[in-house]
Amino acid sequence: MTPYARRGVHGQTVETLARRVLSGEIPEGATLDLVALQSELDVSLTALRESLKVLAAKGMVDARQKRGTFVRARADWNLLDADVLRWQFAGGSSADADLGLLRNLGEVRGIIEPAAVRLAAERRTDADLAELEAALTAMGEGDGGAAHAVEADLAFHRALLAATHNELLERMEMVIESGLAHRDQIVHSSPHGEDPVPSHRAVLDAVRARDQDAAEQAMRVLLDQAVRDLDKVHGTPHTKGSEAK
């Protein structure tokens, strides 16, 4: 998904407003002064309103007669939206808040991916295995740098979800990828992470063998390694049951 910031003035306005809301610079319940924002951001009122429609669709703002446009309560925000997740990671939040969000996403992954990999082991096709193998090969190319490692890891987990042949699970890639990409950027830029290839190879081998139990166990081992890697980088102790990658 192309970040809004790459979509011209409209996209940059969306990104700016979203990050201000997510950071608390524009707090929950605040009424927006559209005239002042228009002047500050140097955009037309039409462009500003169109940008606010994007945030409204994500549950972040609303508009009412006599009150105007205001920031909704965080409980109303679509926190699983891929853009909302990305904005939170890119918004310059504190390290503790960043790690907390990664842990929350990791717990979601710990529920979804072990179950998803069981379906993948049952339903995978030769084409699915080829996609997984290609991603794993790319993951093993250590001279590609952090960006290459991140993309290879994303490709592997994307291919796993696709191998479930469940349209709704496939859409979960948008949630998983936001946290995974940010976690990978942290870990792969650090010398402390473990080699990711063996744990991913174990998942692929079990999926190839159509062994659902082994696939689930391998995924749980992979997620546990992800927790250890993140804790090494952040210097925090590993707590069993907290998943993050």
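Here the structure is shown first, and the text comes after it.
What comes next is a walk through the structure. (Residues numbered from 1 in each chain as written. Predicted model: local features only at pLDDT ≥ 70, side-chain atom pairs only at ≥ 80, totals over all residues. Heavy atoms only, no water.)

## Quick word on helix H1 (residues 8-23)
The terminal C-alpha atoms of H1 lie 23 Å apart, and with 16 residues this matches the ideal 22 Å at 1.5 Å per residue to within 8%. Three or more residues of H1 are buried, namely Gly-11, Thr-13, Val-14, Glu-15, Leu-17, Ala-18, Arg-20, Val-21 and Leu-22. Considering only its buried residues, H1 is in contact with helix H2 (34-41), helix H3 (45-57), strand S2 (68-71) and helix H4 (82-90). (Helix = DSSP H or I, 4+ residues; strand = E, 2+ residues; numbered from the N terminus. Expected span 1.5 Å × (residues − 1). Buried < 20%, exposed > 50% of the residue type's maximum accessible area, 1.4 Å probe, protein only. Contact = heavy atoms within 4.5 Å.)

## Some thoughts on the packing of H1 against H2
Contact pair H1 / H2: the axes reach a minimum separation of 12 Å and the direction vectors enclose 120°. As judged from the angle between their axes, H1 and H2 are oblique. The element H1 and its partner H2 pack so that their crossing is right-handed. Note on element contacts: H2 touches H1 through Leu-37, Glu-40 and Leu-41, opposite Thr-13, Thr-16, Leu-17 and Arg-20. Its residues assigned to classes, the contact of H1 with H2 shows three nonpolar, two polar and two charged. (Axes fitted to C-alpha atoms, helices over the stretch in contact; angles between N-to-C directions. Parallel < 35°, antiparallel > 145°, perpendicular 65-115°, else oblique. Left-handed = near helix turned anticlockwise from the far one by under 90°. Nonpolar A, V, L, I, M, F, W, Y, C, P; charged D, E, K, R; others polar.)

## Let's talk about the environment of Ala-75
Along the chain, the position of Ala-75 falls in the loop between S2 and H4. Linking Ala-75 and Gly-59, residues 16 residues apart in sequence, is a C-alpha distance of 9.1 Å.

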